[in-house]
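# Structural features, examined
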Amino acid sequence: MLSQCPLLNPPVPLECGSHAGTTNASTVLESPEQPCTRALYRLSSMDPTLEPLARSVREAPVVDREGYEYFVHGVSDGVPPIEPAVLEAIADGIRQRVDLADVDTLVAPEAMGIHHGTALSLASGLPLAVVRKRSYGFPDEVAVHQETSYGESDLFLNGVDSGDRVVLVDDVLSSGGTIEAVCEALEAAEAEIADVVVVLRRVDIPHEDLTREVTSLLDIRVRDGAVEIVE
Ligand SMILES: Nc1ncnc2[nH]cnc12
């Protein structure tokens, strides 16, 4: 029954005159229960697995960080606290989108890739290497420089060997500076990058430095001081 479909979240009645088949990313369906009244419903394209994440993202406050619109969320800041259901949704969402079958190691940059890498490690049984902002001085350590929309630092990769198949996990893709720097380090270590996945991708910021495909769970933009999900 249409009314019980988990994808209808929630069903949104539309104007009868707008029976157009599709509107933007949403599909318009006629209710089988009320064919005479032509009650129409919007079918959300949101993956139900990601609903706990989407709900919390829409509530994130946006602050000004030296002219940069920065949203504050457990995914990207650990503040406010991130609910276990959201971490679970992230791990499940990644496993649905990324083939982890032949992957040796998950790689996540500190600080805000760590909790997503950890959730995915627990869900998949794969080990996690954290890219640190401090050097350990190990002989095979790879150092790279990272520039983001709001800062810069050096990054140090350890624990990934030549020929390892890796999946890179991070919180947000904005300018692409962190992702590009970590990929550069992985290539220097002669690892095979099977996939790059982020929880949130900002579509309102040009990914100038990005030279590779990135899988995202949700695409977002910041508008009028609020986070919008782009479906
Ligand atoms: N919290 C955040 N808000 C906006 N852009 C970001 N890029 C990375 N983290 C971000």
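None of the values given here were measured: they were computed from a predicted structure.

### Examining the UniProt feature "domain: Phosphoribosyltransferase" (unreviewed entry) in the protein chain
- Mapped onto the present numbering, the UniProt feature "domain: Phosphoribosyltransferase" (unreviewed entry) falls on residues 84-202.
- With 31% helix and 36% strand, the stretch residues 84-202 has end C-alpha atoms that lie 23 Å from each other.

### Examining the pattern of salt bridges
- One pass over the structure, following the stated rule, counts ten salt bridges.
- Residue E110 pairs with R132 through a salt bridge whose shortest N-O separation is 2.5 Å. Residue E110 is found in the loop between β7 (105-109) and α4 (114-124), and its partner R132 is found in the loop between β8 (128-131) and β9 (142-148); the two are separated by 22 residues along the sequence.
- According to the relative accessible area criterion, E110 is buried, its value standing at 18%.
- Since its relative accessible area comes to 24%, R132 is described here as partly exposed.
- E180 is the partner of R212 in a salt bridge, and the nearest nitrogen-oxygen pair spans 3.4 Å. With R212 in the loop between β12 (192-202) and β13 (215-223) and E180 in helix α5 (residues 177-188), this residue pair connects regions lying 32 residues apart in the sequence.
- Accessibility expressed as a relative area gives 16% for E180, which makes it buried.

### Section: the packing of helix α1 (residues 51-58) against helix α3 (residues 84-97)
- Across the interface, α1 lies against α3 with an axial gap of 8 Å and an inter-helix angle of 120°. Here α3 runs oblique to α1, going by the angle between their axes. In this structure, α1 meets α3 at a crossing whose hand is left-handed. Counting all contacts with α1, which are made through P52, L53 and S56, the residues of α3 involved are A85, V86, A89 and I90.
- Residues that form the contact of α1 with α3 fall into these classes: six nonpolar, one polar and no charged.

### Some details on the site of the ligand
- With respect to spatial proximity, the complete set of residues near the ligand consists of Y68, E69, Y70, F71, S76, D77, Y150, V172, S174 and R202.
- Contacts to the ligand include F71, whose backbone N or O atom sits 2.7 Å from a nitrogen atom.
- The fraction of the free accessible surface of the ligand (260 Å²) that becomes covered by protein chains is 98%.
- Among the secondary structure elements, those contributing two or more residues to the shell around the ligand are β6 (68-71) and α2 (74-77).
- Residues of the shell around the ligand, tallied by class, amount to five nonpolar, two polar and three charged.

### What about α3?
- Taking 1.5 Å of rise per residue, the 14 residues of α3 would be expected to cover 20 Å, and the 20 Å separating its terminal C-alpha atoms lies within 8% of that figure.
- Of all the positions in α3, only V86, A89, I90, A91, G93 and I94 are classed as buried.
- Of the surrounding secondary structure, the elements contacted by the buried residues of α3 are α1, α2, α4, β11 (165-173), β12 and β13.

### Re the packing of α3 against α4
- Across the interface, α3 lies against α4 with an axial gap of 9 Å and an inter-helix angle of 65°. If you check the angle between α3 and α4, you find them roughly perpendicular. Here α3 runs over α4; the crossing is right-handed. Every residue of α4 that contacts α3 at L87, I90, A91, I94 and R95 is listed here: H115, H116, A119, L120 and A123.
- In the contact of α3 with α4, the residues fall into seven nonpolar, two polar and one charged.

Quick notes on the rules
Per chain, the residues get numbers from 1 upward, laid out in the order the sequence is written. Two thresholds apply to this predicted model, a pLDDT of at least 70 for residue-level local features and 80 or more for giving and counting side-chain atom pairs, whereas whole-chain, interface and lining totals are computed over all residues. Working from all heavy atoms in the structure, the side-chain values ignore hydrogens and water. UniProt positions are given in the numbering used here, feature names are shortened, and annotations may be inferred rather than shown by experiment. Each helix is a run of DSSP H or I of at least 4 residues and each strand a run of E of at least 2, with the numbering of both proceeding from the N terminus. By definition here, a salt bridge exists when the distance from a side-chain nitrogen of Lys or Arg to a carboxyl oxygen of Asp or Glu is within 4 Å. Only protein chains enter the accessibility calculation, which uses a 1.4 Å probe. A residue is then buried if its area is under 20% of the maximum for its type, exposed if over 50%, and partly exposed in between. Axis lines are fitted to C-alpha atoms, over the contacting stretch for helices. Their N-to-C directions set the angle, which ranges from 0 to 180 degrees. Here roughly perpendicular refers to angles of 65 to 115 degrees, roughly parallel to angles under 35, roughly antiparallel to angles over 145, and oblique to all remaining angles. If you view the pair so one helix is near and one far, a crossing is left-handed when the near helix is turned anticlockwise from the far one by less than a right angle, and right-handed when it is turned clockwise. Throughout, a residue-residue contact means that at least one pair of heavy atoms, one from each residue, lies within 4.5 Å. Each residue receives one of three labels: charged for Asp, Glu, Lys and Arg, nonpolar for Ala, Val, Leu, Ile, Met, Phe, Trp, Tyr, Cys and Pro, and polar for the others, Gly being one of them. By convention in this text, a residue qualifies as near a molecule or strand provided that one of its non-hydrogen atoms is within 4 Å of it. N or O atoms closer than or at 3.5 Å make up a polar contact, with two conditions inside protein: a donor-capable atom paired with an acceptor-capable one, and, for residues adjacent in sequence, both atoms drawn from side chains. Every accessible area reported is derived by Shrake-Rupley at a probe size of 1.4 Å, with residue values counting cover from the shown protein chains alone. For a helix, the expected span equals 1.5 Å multiplied by the number of residues minus one.

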